[in-house]
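Observations on chain architecture
What follows is the residue order along each chain.
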Amino acid sequence: MSLGVAAAFGSTGSDMPGAVKPAVRASGVRLAVRDLTMCYANGHTALRSLNLSVNAGEMVVVLGSNGSGKSTFMKCVVGLNRPTGGSVKVGGRDLAALSGEALREARLPLALISQNANLVKRRSVLANVCCGALGRHRTLMSAFGRLPRDEIEPAMSYLDEVGLLHLARQRAGTLSGGQAQRVAVARALAQRPDVLLADEPVASLDPEAADEVMRLLRRLATEDGLAVVCVLHQPELAARYADRLVGLRSGLLEFDRPASDVSSQQIAGLYLAEAS
Ligand SMILES: Nc1ncnc2c1ncn2[C@@H]1O[C@H](COP(=O)(O)OP(=O)(O)OP(=O)(O)O)[C@@H](O)[C@H]1O
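Now for a description of the structure that goes with this document. (Residues numbered from 1 in each chain as written. Predicted model: local features only at pLDDT ≥ 70, side-chain atom pairs only at ≥ 80, totals over all residues. Heavy atoms only, no water.)

Focus: the packing of helix α5 (residues 149-161) against helix α6 (residues 177-190)
With their axes 9 Å apart at the nearest point, α5 and α6 run at an angle of 135° to one another. Comparing their axes, α6 and α5 come out oblique. Between α5 and α6 lies a crossing whose hand is right-handed. Along the contact surface, α5 presents Y158, L159 and E161, while α6 presents V183, A186, L189 and A190. Taken together, the residues that form the contact of α5 with α6 break down as six nonpolar, no polar and one charged. (Axes fitted to C-alpha atoms, helices over the stretch in contact; angles between N-to-C directions. Helix = DSSP H or I, 4+ residues; strand = E, 2+ residues; numbered from the N terminus. Parallel < 35°, antiparallel > 145°, perpendicular 65-115°, else oblique. Left-handed = near helix turned anticlockwise from the far one by under 90°. Contact = heavy atoms within 4.5 Å. Nonpolar A, V, L, I, M, F, W, Y, C, P; charged D, E, K, R; others polar.)

This is how it looks when you write it as structure tokens:
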């Protein structure tokens with residue numbers, strides 16, 4: 001808990017009631033994808049027997065050209081697409097085998113950040129972050145328009161975590177693109193996930209803002225023990241921040257290796273091969 005949050009609550013920090021410090025997660029596999037296959041209704045197979053494991057504290061970046069299956073992969077993992085084969089295990093439960101309330105509950109440890117921050121522009125930054133907690137408090141949906149009181153203090157600490165505590169009371173519609181994306185990260189943290197999925201989180205950001213968001217994701221993996229899976233179209237950012245690079249081509253896993261072992265030729269080949 002930073003002095004900033006402590007000051008906002010007139011406290012010295014650790015003695016604050018209900019203070020939330022992001023827990024450093026125990027090590028171990030957080031996401032285990034086995035033989036993941038997705039064949040769309042039109043007969044197009046977008047993923048072919050994909051295998052991927054992500055540990056706590058690890059940051060994996062998925063690369064691949066347009067149409068290689070990156071978004072399909074993310075949607076299958078988070079349960080927005082029902083895979084036609086394979087398993088997606090989170091916390092020991094196979095999301096691919098669940099539906100309805102059981103799926104909703106089982107995917108609570110997963111948080112997704114998209115290309116657009118999708119904030120409610122007319123509401124405050126703080127209110128937007130609190131919204132991330134709604135999945136854990138379903139009855140709060142009925143109190144729409146009011147901040148869940150118990151979640152305000154943690155939300156402030158998540159804002160502090162992304163370096164935007166000073167903007168807590170500002171309307172979300174006034175933020176820059178980079179700030180909005182960092183608020184989206186704070187909103188994801190309010191969900192208290194074990195696995196953070198980021199689908200092209202820097203696509204609409206300038207290089208400086210993109211770097212800031214990537215640094216943040218890296219820190220959440222290293223310091224808070226989150227398992228981070230990020231889809232990027234910027235190989236140079238991927239090489240700079242990821243522990244592992246995963247290359248997709250036509251729905252197939254082309255490589256899954258430590259970032260330092262992947263050559264620029266291999267990355268270039270990923271895109272050239274897809275085009276041919
Ligand atoms: N709902 C759908 N029905 C049929 N085919 C689909 C559907 N969604 C995606 N596809 C196809 O599946 C393949 C993979 O698409 P996907 O969106 O996962 O690729 P991507 O790697 O995320 O691409 P991009 O980098 O352009 O976002 C593409 O050929 C796409 O046309």
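Some words on the pairing of strand β10 (residues 252-258)
Summarising the sheet, strand β9 (residues 244-249) and β10 pair through six bridges and their orientation is antiparallel. Bridged to R244 within β10 is P258. If you look at the hairpin formed by β9 and β10, you'll find two residues sitting between the two strands, and S250 has a positive phi there, around 50°. (Pairing = 2+ DSSP bridges.)

Focus: the site of the ligand
Around the ligand there are 14 residues in total, and N66, G67, K70, S71 and T72 lie nearest to it. Between the ligand and T72 there is a distance of 2.5 Å, counted from an oxygen atom to a side-chain nitrogen or oxygen. In this structure, H233 approaches the ligand through a side-chain N or O atom, which is 3.0 Å from an oxygen atom. For the ligand, whose free accessible area comes to 630 Å², the fraction covered by protein is 63%. Examining the composition of the shell around the ligand, we find that three residues originate from one element, helix α2 (residues 70-78), more than from any other. When grouped by side-chain class, the residues that make up the shell around the ligand number two nonpolar, ten polar and two charged. (Near = heavy atom within 4 Å. Polar contact = N/O pair within 3.5 Å; in protein donor to acceptor, adjacent residues only side chain to side chain. Areas by Shrake-Rupley, 256 points an atom, 1.4 Å probe, with all protein chains shown as cover.)

Looking at the environment of A186
As for its position among the elements, A186 is in helix α6. The sequence separation of A186 and V125 amounts to 61 residues, and the corresponding C-alpha distance is 9.7 Å. Sequence-distant contacts of A186, that is, excluding residues within four places in its chain, are made with V129, Y158, L159 and V162.

What to know about the sheet that holds strand β5 (residues 93-94)
Read across the sheet, four strands follow the order β2-β1-β4-β5 without closing on themselves; strand pairing throughout is antiparallel. Each having just a single partner strand, β2 (45-55) and β5 make up the two edges of the open sheet. Inspection of the sheet shows strand β1 (residues 29-39) paired to strand β4 (residues 85-90) by five bridges, in the antiparallel sense. Of the residues in β4, the one forming a bridge with L31 is V90.

So, the layout of surface pockets
The calculated volume of the largest pocket comes to roughly 450 Å³. Residue lining of the largest pocket: 15 residues in total, with R107, L110, A111, L112 and Q191 positioned closest to the centre. Within the residue set of the lining of the largest pocket, elements represented by two or more residues are β6 (110-113) and α6. For the lining of the largest pocket, the per-class residue count stands at eight nonpolar, four polar and three charged. Two domains each donate at least three residues to the lining of the largest pocket, and these are domain 1 (28-109 + 194-276) and domain 2 (123-192). In this model, the second largest pocket occupies a volume close to 200 Å³. What lines the second largest pocket is a set of 15 residues, among which A117, N118, K121, G177 and A180 lie closest to the centre. Partitioned by chemical class, the residues of the lining of the second largest pocket number six nonpolar, eight polar and one charged. (1 Å grid on protein atoms, 1.4 Å probe; cavity = no way out; pocket = protein on both sides within 12 Å on 5 of 7 lines; lining within 4 Å. Points joined across faces, edges and corners; volume = space filled by probe spheres on them. Domains from an automatic or database assignment.)

A look at the environment of A209
Tracing the backbone through its elements, the reader meets A209 in helix α7 (residues 207-222). Sequence separation of A209 and Q181 is 28 residues, and the distance between their C-alpha atoms is 9.1 Å.

Here's the deal with the pattern of salt bridges
Scanning all chains against the criterion turns up ten salt bridges. Ionic pairing is found between R244 and E58, a salt bridge with its closest N-O pair at 2.9 Å. Of this pair, R244 sits in strand β9 while E58 sits in the loop between β2 and β3 (59-63), and the two are 186 residues apart along the sequence. By the burial criterion, R244 is buried, and E58 matches it. (Salt bridge = Lys/Arg side-chain N within 4 Å of Asp/Glu carboxyl O. Buried < 20%, exposed > 50% of the residue type's maximum accessible area, 1.4 Å probe, protein only.)

Description of α6
Relative to the 20 Å expected for 14 residues at 1.5 Å per residue, α6 spans 20 Å between its end C-alpha atoms, a close match to the ideal helical length. Those residues of α6 lying buried are G178, A180, Q181, R182, V183, A184, V185, A186, R187, A188, L189 and A190. Of the surrounding elements, those touching the buried residues of α6 are β6, α4 (125-131), α5, β7 (195-199) and α7. Of the residues one or two after α6, R192 is the one with positive phi, at around 55°. (Expected span 1.5 Å × (residues − 1).)

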